[in-house]
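Okay, here's what each chain looks like letter by letter:
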Amino acid sequence: MENTFTITCYGKTKTYPESKRKKMMNEYMLGMLSCDGSEKDRYTNIYLDLLSGKKNCTDED
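Now for a description of the structure that goes with this document. It should be emphasised that the depicted structure is a prediction, and the values quoted were computed from it without experimental measurement.

## Considering the sheet that holds strand 2 (residues 12-17)
Item 1. Taken in spatial order, the three strands of this open sheet run 2-1-3, and their pairing is mixed. The open sheet is flanked by strand 2 and strand 3 (56-58), the only strands paired with a single partner. Taken over all neighbouring pairs, the strand axes of this sheet differ in orientation by 20 degrees on average, direction set aside.
Item 2. Note that strand 1 (residues 4-9) and strand 2 share six bridges and pair antiparallel. Paired with Thr 6 across the strands is Thr 15, a residue of strand 2.

Written as structure tokens, this is what we have:
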């Protein structure tokens, strides 16, 4: 079984295979660059969790 990680954003949790981590990092980086305010904070929190290799990434501080 492949390793997985989860992303929780706006209260919804999705599980991804570890092979998708880089793709999701790119998506959340784009979100960080495209938004401002609290939405940018959400994307930034998830991006930093992905970057640090966490298994449970969340949009909360």
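Structure's up, so let's keep going.
## Quick word on the pairing of strand 1
Item 1. Here strand 1 hands over to strand 2 after two residues, with Tyr 10 in that stretch at a positive phi of 55 degrees.
Item 2. Note: strand 1 against strand 3, three bridges, orientation parallel. Each residue of the ladder has a partner; that of Thr 6, found in strand 3, is Asn 56.

## Brief notes about the packing of aromatic side chains
Item 1. Counting across every chain of the model gives two aromatic pairs.
Item 2. With a centroid separation of 5.6 Å and an interplanar angle of 25 degrees, the aromatic rings of Phe 5 and Tyr 16 are classed as stacked. Residue Phe 5 is found in strand 1, and its partner Tyr 16 is found in strand 2; the two are separated by eleven residues along the sequence.
Item 3. Just above the ring of Phe 5 sits the side chain of Arg 21; from NZ or CZ to the centre is 4.6 Å.
Item 4. The ring of Tyr 10 has Arg 42 sitting right over it, with the charged end atom 4.0 Å from the ring centre.

About the cut-offs
- Residues numbered from 1 in each chain as written.
- Predicted model: local features only at pLDDT ≥ 70, side-chain atom pairs only at ≥ 80, totals over all residues.
- Heavy atoms only, no water.
- Pairing = 2+ DSSP bridges.
- Helix = DSSP H or I, 4+ residues; strand = E, 2+ residues; numbered from the N terminus.
- Axes fitted to C-alpha atoms, helices over the stretch in contact; angles between N-to-C directions.
- Phe/Tyr/Trp six-rings, centres within 6.5 Å; stacked < 30°, edge-to-face > 60°.
- Lys NZ or Arg CZ within 6 Å of the ring centre and 35° of its normal.

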